[in-house]
Amino acid sequence: MSATSQGAGPRPLTITLDGRPFAGTEGQTIAGMLLAARRRSWRTTSVESAPRGVFCGIGVCFDCLVTVNGSRDVRACLRRAADGDVVETQHDPLPGVTS
Amino acid sequence: MTVDVVVVGAGIVGAACARALARRGLAVTVLDRRGAASGTTAHGEGNLLVSDKEPGPELVLAQHAARRWPSLVAELEDELGSDRHGFPPLEYDPKGGLVAATTAAGAQPLRDFAARQRGAGVDAREIDVAHALELEPALNPALTAAVWYPEDAQVQPVAAAEALLASARRAGATVRPGVEVVGALRDGERLVGVRTSDGDIPAAAVVLAAGPWSGVVAARLGVGLPVRPRRGMVLVTTRMPHVVRHKVYDGDYVGATQSGDAALQTSSVVESTAAGTVLIGSSREQVGFDDRLRVAVLREMAARAVRLFPFLADASVMRTYLGFRPYVPDHLPIVGPDPRTPGLWVATGHEGAGIGLGPVSGELLADLFTGAEPATDPAPFRVDRPAVLDAALDEPHPSESTPSENTPSENTGEAS
Amino acid sequence: MSRRTVVVVGAGPAGLSAARAAARAGADVTLLDASDQVGGQFWRHRALPGGGTAPDEPTFHHGWGTFTALRDVVATHPRVTLLTSAQVWALERLDAGVRLRVLVGPADGAGREHLTLTPDALVLATGAHDRTLPFPGWQLPGVTTAGAAQALAKAERVAVGDRVVVAGAGPFLLPVASSLLRTGARVLSVHEAATPASMARGWGARPAGLLGAAHKAGELGGYVGTLARHRVAYRLGEAVVAARGDGRVEEVTVARVDARWSPVPGTERTVAADAVCVSHGFTPRLELAVAAACAISPDRFVVVDDEQRTSAAGVWAAGELTGIGGAEAALAEGWVAGHHAASGAPDDAGLARAARRRARSADFARRLDAAHGIRGGWTSWLRDDTLVCRCEEVDAGTLRAAACATGSADLRSVRLTSRAGLGPCQARICGRTVAELVGATEPAPGGDTGSAPAVPDRRPLVVPVRLGDLATLPDVPAADAP
Ligand SMILES: Cc1cc2nc3c(=O)[nH]c(=O)nc-3n(C[C@H](O)[C@H](O)[C@H](O)COP(=O)(O)OP(=O)(O)OC[C@H]3O[C@@H](n4cnc5c(N)ncnc54)[C@H](O)[C@@H]3O)c2cc1C
Ligand SMILES: Cc1cc2nc3c(=O)[nH]c(=O)nc-3n(C[C@H](O)[C@H](O)[C@H](O)COP(=O)(O)OP(=O)(O)OC[C@H]3O[C@@H](n4cnc5c(N)ncnc54)[C@H](O)[C@@H]3O)c2cc1C
Ligand code: FES
């Protein structure tokens, strides 16, 4: 979790997750920022309402999906954070099955 | 060992035939070159519609099917169980359908169509925009006409086909996946069984239910049958908040169903599934069994869906798949004995409605087979109707057909 | 006359090397990667403004100098167009050749730029991802693949936890543990499922034989040293068989396993940890190769000939896509693929060198499999309520019940009735496991047999695409239509 300095260093930035601010630096992914802040999970699953966060880390498993600036289904492990990003957790309950 | 009936094809139609025949005490064997419910039945959607059908024999069959489905689902769940570790749910949902015209030109044809359907006993209610938005709040309010069809329903096609097969097995039927029919066993004119990749199977009768491959199999059995593939693609989104409540179609669906035009046609059918995904169908293309992805087709489907439901623009499509609807030149199913070849029975050609019409077609076939009073008039679906016999003359001669051209598609993803 | 156009998909070791060789052989090259940086999995690194390099970067990598040299070539070569943040999302087969559909812009962003490419030749270098076998509790936050831990360490200097257990199979566990240590995590232990006996089969009589594997020697030796310095135990014949915790992993159960990877009763012990990184090997990213109708081997790699040519006309493949051989092999294969895709001269000296380097790595995949290949006994650590499909939350009991109730071993039917494999990852994570559990035969997708059942790696959409982006696709020339 140690930041590396070089010259001017990466610019700081802030995003919010469900309204809560998280600080980081340019170049970090959304998942990287959340993990660095010791946040381990954000999505809530549909069937068991269980928490999920990073699993594969390279965009294959789709466990880490978040909504970014109103756009659904963004892989937090791939998307670089941009200053001011409004990130929301996703929870899509199952519709009632009639049969 | 001789069986009473060999059913060729374990799609929903073959499964329905097998169940209905086995429950009447016949010894049935079902063959499929691949797995059960792995053909068109696994590559379409599960709409059980009256809303898309012109008054006529297909509508009569669809109305019969709409009445039959609820009791059928109850029978199957009763028989097979439907708890968490029992049989997978059939996801039968009589949710109703909303047909919306999105253009000025489309409004009147839709109203006229609905009026004709009302004349044929369909519950087709013309509603105003406010009512339509009450039913589907996310719908594009720029509608020109809307008709509500409470009788439309949906089901999970593979689960339904597997349930029919499981029920058939309980009634004594045998299901043999991985067995391909390659030829006929004949006694003079009479068909007395099939040659397969796993040996000869003598049978008193053969039911041909091989979906879009029925023409190919018929040729192997030595008869001409004009069943052709009509390709369709479907888009599936990721799970989303439950916004689309009913089946929603743009009015063009009506026109596309009836036309024999080879050019690409798309019309939007948007529906939520029990898993929370949204299915967007579908295209109609006459490209033989060509299974290559065509992105331009996806674009047309996407554009129509977004026009119906603007919020879908942000939805992620995670999968697309395609299937081949089995169709006959006059767009009616074929159900009944083939008088040209004693011993041969046919149940196919359901085109884009085989999930809805499959179960009642199986029962109709069993009625005819056992001499029972049919629940609906079988005459329009008979094999020896002029449209079938005439087109059959143009089919390639049996010896010309090369099986490899027409193998079931490998390039197709999976449904829902 | 216009020059031959070559598109290379993937800018990992294989793709970088292919692009360089193709350009050198005179082609016009477009190198695409979905990531906004080049380097692939092996050279994933911190993204600094202006493309700078973090001072500690080289300590996280092997061959960093090779990387920077390749990176500079592809960035500056006049015949190479480098496109990062360029996701290939579909491949269409045309009557002659292929058409790639690309979206350029931030990952999963709406309104990205559309790009359509119809090259003379295509080199696929899309790499691989971790394969992790399910175990009870593996869905808890804090359980990740080993690759995730590696990626986060290399790219963000973030450790996935403070007290970390690393487990699974294969030499890859070693660099992962080493990177975790470097980012400040405490690595409690590394558990390798392969028993000492199978390690010996793959790598030679002494466990140190692992280090004898050609080019890997120096690299792996370094990791073993790092582990020893930090007193991290490297235990063979052990597996993590369960994780528990309330909303996140708090403890794991480790057990000894036999040669078939069945846990040995009575050997379980519990370890308190807040992260577990587990991988049992790699599985290639086959989507584009399958879409191009390339032949796939029974063990699910793209089949290539001596020239790295696939069975599909005009399509070459290199790197992990064709076999798990490590970055050295990927570099060599990429060279050969790029050179031939560009119709380079057969007597080229560089080609000959690459071919020799490739030959030296040839044995690696076989040794890897002999030592660390997944053994069937692992299924005995599953319980009925162990999730098999993470996306759709389908457990092993439900899956078996669906297969049993329908009497179907057809993968397609089992998937559609149980929903296993139908989630957003499209069975990338669960597909092979589901197939093994229901005993379904899993055919190679390229092989065309009339009776083949489902095709798990067939994903015409390589990644999800927004409906709005699909709806606004620009036209392609009608003459181009398939
Ligand atoms: C995109 C799309 C959307 C659709 N949407 C709907 C809808 O919403 N509602 C609806 O009702 N219908 C819909 N349909 C139509 C419906 O899917 C079909 O009408 C129906 O599945 C046909 O079933 P079947 O049993 O006749 O054919 P299939 O399911 O294709 O079964 C035929 C079987 O025969 C087997 N077979 C072939 N050759 C041989 C041989 N030589 N030997 C042994 N076995 C052989 C095949 O393997 C196959 O399993 C749709 C179709 C498509 C393509
Ligand atoms: C997470 C992870 C970490 C790893 N870390 C190490 C390590 O530290 N040491 C080690 O020895 N081995 C590591 N490996 C193994 C690694 O796969 C190989 O060593 C090496 O990177 C393989 O090189 P490659 O060029 O074949 O593929 P990769 O390096 O995987 O490169 C493939 C590239 O293709 C791109 N790509 C894939 N599909 C598309 C598409 N549709 N459109 C656009 N771009 C696409 C990807 O973004 C990626 O950059 C790791 C593997 C993984 C999965
Ligand atoms: S884990 Fe099964 S679909 Fe993703």
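Anyway, here's the lowdown on the structure attached to this text. Bear in mind that the values here come from a model prediction, so they are computed numbers and not experimental data.

Using the criterion set out here, one finds 64 salt bridges over all chains in the structure. With a shortest N-O distance of 2.9 Å, Arg309(C) and Glu307(C) are connected by a salt bridge. A salt bridge links Asp385(C) to Arg383(C); the shortest N-O distance between them is 3.2 Å. Three or more residues are tied together by salt bridges with common partners; here these are Arg19(B), Arg23(B), Arg68(B), Glu75(B), Glu79(B) and Glu363(B).

A few words now on the side chain of Arg33(B). Residues and elements named next belong to chain B. Here Arg33 shows up in the loop between strand 2 (28-32) and strand 3 (47-48). Overall, the relative accessible area of 15% leaves Arg33 in the buried class. Within the structure, Arg33 has its side chain in polar contact with the side chain of Glu180 (distance 3.2 Å).

This part is about the sheet that holds strand 1 (residues 12-17) of chain A. Residue and element names in this part refer to chain A. Strand order in the open sheet made by the five strands is 2-1-7-5-6, with mixed pairing throughout. Strand pairing shows two members of the sheet lacking a second neighbour, strand 2 (20-25) and strand 6 (71-75), which therefore form its edges. For this sheet, the mean angle separating the axes of adjacent strands, direction not counted, is 40°. In this sheet, strand 7 (residues 86-88) lies alongside strand 5 (residues 65-68) in antiparallel orientation, the contact comprising two bridges.

Attention shifts here to the interface of chain A and chain C. Across the contact, 42 residues belong to chain A and 56 residues belong to chain C. A combined buried area of about 4,000 Å² lies between chain A and chain C, and 52% of that area is made up of carbon and sulfur atoms. Taken together, the links from chain A to chain C amount to five salt bridges. The partner of Asp108(C) in a salt bridge is Arg75(A), with the nearest N and O atoms 2.8 Å apart. At the junction of chain A and chain C, the tally comes to 16 residue pairs in polar contact (both at pLDDT 80 or more). Broken down by secondary-structure element, the contributors of at least two residues to the side of chain A that touches chain C are helix 1 (30-36), strand 4 (51-52) and strand 6 of chain A. For the side of chain A that touches chain C, the element with the highest residue contribution is strand 6 of chain A, accounting for five residues. Looking at the side of chain A that touches chain C, its residues break down into 17 nonpolar, 14 polar and 11 charged.

The subject of this paragraph is the site of ligand 1. All names here are of chain B. Surveying the vicinity of ligand 1 reveals 39 residues, the closest of which are Asp32, Thr40, Thr41, Asn47 and Glu351. Here an oxygen atom of ligand 1 sits 3.2 Å away from a polar atom, N or O, in the main chain of Ile12. The backbone of Ala353 places a nitrogen or oxygen atom 3.2 Å from an oxygen atom of ligand 1. For ligand 1, the protein covers 99% of the area, taking 1,000 Å² as the surface of the free molecule. Of all elements in the fold, only helix 1 (12-22), strand 2, helix 6 (214-220), strand 12 (228-237), strand 16 (316-327) and helix 9 (354-370) reach the threshold of two or more residues within the shell around ligand 1. Broken down by element, the shell around ligand 1 gets its largest block of residues, four residues, from strand 16. Each residue belonging to the shell around ligand 1 can be placed in one class, and the counts come to 17 nonpolar, 15 polar and seven charged. Looking at which domains feed residues into the shell around ligand 1, each of domain 1 (3-48 + 158-228 + 329-394) and domain 2 (97-151 + 229-327) gives three or more.

Turning our eyes to something else, we now look at the sheet that holds strand 14 (residues 251-256) of chain C. Residue and element names in this part refer to chain C. With antiparallel pairing, three strands are arranged side by side in an open sheet as 13-14-15. Of all strands in the sheet, those with a lone pairing partner are strand 13 (238-244) and strand 15 (269-272), marking the two edges. Mean inter-strand twist for the sheet, computed between neighbouring axes without regard to direction, equals 30°. Strand direction decides the pairing type here: strand 14 and strand 15, joined by four bridges, are antiparallel. Among the inter-strand pairings, Val254 is bridged to a residue of strand 15, identified as Arg269.

Residues and elements named next belong to chain C. Neighbouring ligand 2 are 34 residues; Asp33, Gln41, Gln150, Lys154 and Glu320 lie closest to it. For ligand 2, an oxygen atom lies 2.9 Å from a polar atom in the backbone of Ala14. Contact between ligand 2 and Gln87: a nitrogen atom at 3.2 Å from a side-chain N or O atom of the residue. Taken by itself ligand 2 offers 970 Å² of open surface, and the protein chains cover 95% of this. Put simply, the parts of the chain that give the shell around ligand 2 at least two residues each are helix 1 (13-24), strand 4 (86-93), strand 8 (128-130), helix 3 (146-156), helix 6 (216-229) and helix 8 (326-341). Looking at the shell around ligand 2, its residues break down into 17 nonpolar, 11 polar and six charged. When we break the shell around ligand 2 down by domain, the ones giving at least three residues each are domain 1 (5-129 + 283-369) and domain 2 (132-280).

Once that is clear, we can look at the packing of helix 8 of chain C against helix 9 (residues 349-372) of chain C. All names here are of chain C. Running from N to C, helix 8 and helix 9 point in directions that differ by 140°, and their axes come no closer than 8 Å. Relative to helix 9, the element helix 8 is oriented oblique. As helix 8 packs across helix 9, the resulting crossing turns out to be left-handed. The segment helix 8 lies against helix 9, with Gly326, Glu328, Ala329, Leu331, Ala332, Glu333, Trp335, Val336, His339 and His340 engaging Gly350, Leu351, Ala354, Ala355, Arg357, Arg358, Ser361 and Phe364.

Rules used in this analysis
- Residues numbered from 1 in each chain as written.
- Chains lettered and ligands numbered in written order.
- Predicted model: local features only at pLDDT ≥ 70, side-chain atom pairs only at ≥ 80, totals over all residues.
- Heavy atoms only, no water.
- Salt bridge = Lys/Arg side-chain N within 4 Å of Asp/Glu carboxyl O.
- Helix = DSSP H or I, 4+ residues; strand = E, 2+ residues; numbered from the N terminus.
- Buried < 20%, exposed > 50% of the residue type's maximum accessible area, 1.4 Å probe, protein only.
- Polar contact = N/O pair within 3.5 Å; in protein donor to acceptor, adjacent residues only side chain to side chain.
- Pairing = 2+ DSSP bridges.
- Axes fitted to C-alpha atoms, helices over the stretch in contact; angles between N-to-C directions.
- Contact = heavy atoms within 4.5 Å.
- Buried area = accessible area lost by both parts, 1.4 Å probe.
- Nonpolar A, V, L, I, M, F, W, Y, C, P; charged D, E, K, R; others polar.
- Near = heavy atom within 4 Å.
- Areas by Shrake-Rupley, 256 points an atom, 1.4 Å probe, with all protein chains shown as cover.
- Domains from an automatic or database assignment.
- Parallel < 35°, antiparallel > 145°, perpendicular 65-115°, else oblique.
- Left-handed = near helix turned anticlockwise from the far one by under 90°.

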